[in-house]
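Each chain is listed here by its residues.
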Amino acid sequence: MRVHCIGVAGTGMGALAGLLRSVGHEVSGSDVAFDPPIGPELERWGVVCQAGFDASHLADRPDLALRGGPLRLDLGDPPPQPHQLLQRGAKRRGELAVPDVRLEDVEV
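Bear in mind that the values here come from a model prediction, so they are computed numbers and not experimental data. (Residues numbered from 1 in each chain as written. Predicted model: local features only at pLDDT ≥ 70, side-chain atom pairs only at ≥ 80, totals over all residues. Heavy atoms only, no water.)

Our next topic: the overall build of the protein chain. Tallying secondary structure elements over the protein chain gives three helices and five strands in all. The order of helices and strands in the protein chain, counted from the N terminus, is β-α-β-α-β-β-α-β. Residue burial in the protein chain is summarised as follows: out of 108 residues, 39% are buried. The contacts in the protein chain between residues at least 6 apart in sequence include a share of 60% that link residues at least 24 apart. As displayed, the protein chain offers around 6100 Å² of accessible surface, 55% of which is attributable to carbon and sulfur atoms. (Helix = DSSP H or I, 4+ residues; strand = E, 2+ residues; numbered from the N terminus. Buried < 20%, exposed > 50% of the residue type's maximum accessible area, 1.4 Å probe, protein only. Contact = heavy atoms within 4.5 Å. Areas by Shrake-Rupley, 256 points an atom, 1.4 Å probe, with all protein chains shown as cover.)

Given below as structure tokens:
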């Protein structure tokens, strides 16, 4: 499965991205920064990291987009969440929206 993690450099989302890679999934992720300790680990695990929250990060149509809970952008009132921007970009291109799930809603 191809999974894109929005907010991948957070502790919880980064750990989940690593777990998904360890069981064979193709994982990409986006965030504003990839600082230690999680940033270098994501690279070592083979997670494709993309800077920022841009709709183009979903251009390859992942099967699932996971998003961390504390994400926020200073764009409007209330601000749109990164997953909303990604979904809008997909819709503008005439594509079906990618299913997205909040990290706290994932059951294992």
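The structure having been displayed, the exposition proceeds.
What follows concerns the side chain of His 57. Looking at where His 57 falls in the secondary structure, it is placed in the loop between strand S3 (48–51) and strand S4 (64–67). Overall, the relative accessible area of 10% leaves His 57 in the buried class. Among the polar contacts made by the side chain of His 57, one reaches the side chain of Gln 50 at a distance of 3.5 Å. A polar contact of 3.3 Å, which involves the side chain of His 57, links it to the backbone oxygen of Gly 52. (Polar contact = N/O pair within 3.5 Å; in protein donor to acceptor, adjacent residues only side chain to side chain.)

This next bit is on unusual backbone geometry. Of note, the amide linkage connecting Pro 36 to Pro 37 takes the cis form, showing an omega dihedral of 10 degrees. Following the sequence through the fold, Pro 37 ends up in the loop between strand S2 (26–31) and helix H2 (38–45). For Arg 61, which is not glycine, the phi torsion reads 55 degrees and is therefore positive. Mapping Arg 61 onto the fold places it in the loop between S3 and S4.

The next subject is the state of the cysteines. Should the sulfur atoms of two cysteines be covalently bonded, the bond is a disulfide. For the coordinates displayed, the defined rule picks out zero disulfides. In this structure Cys 5 is a free cysteine whose sulfur lies 9.6 Å from that of Cys 49, the closest cysteine sulfur available. Among the residues examined, Cys 49 registers a relative accessible area of 31% and is labelled partly exposed. (Disulfide = S-S within 2.5 Å.)

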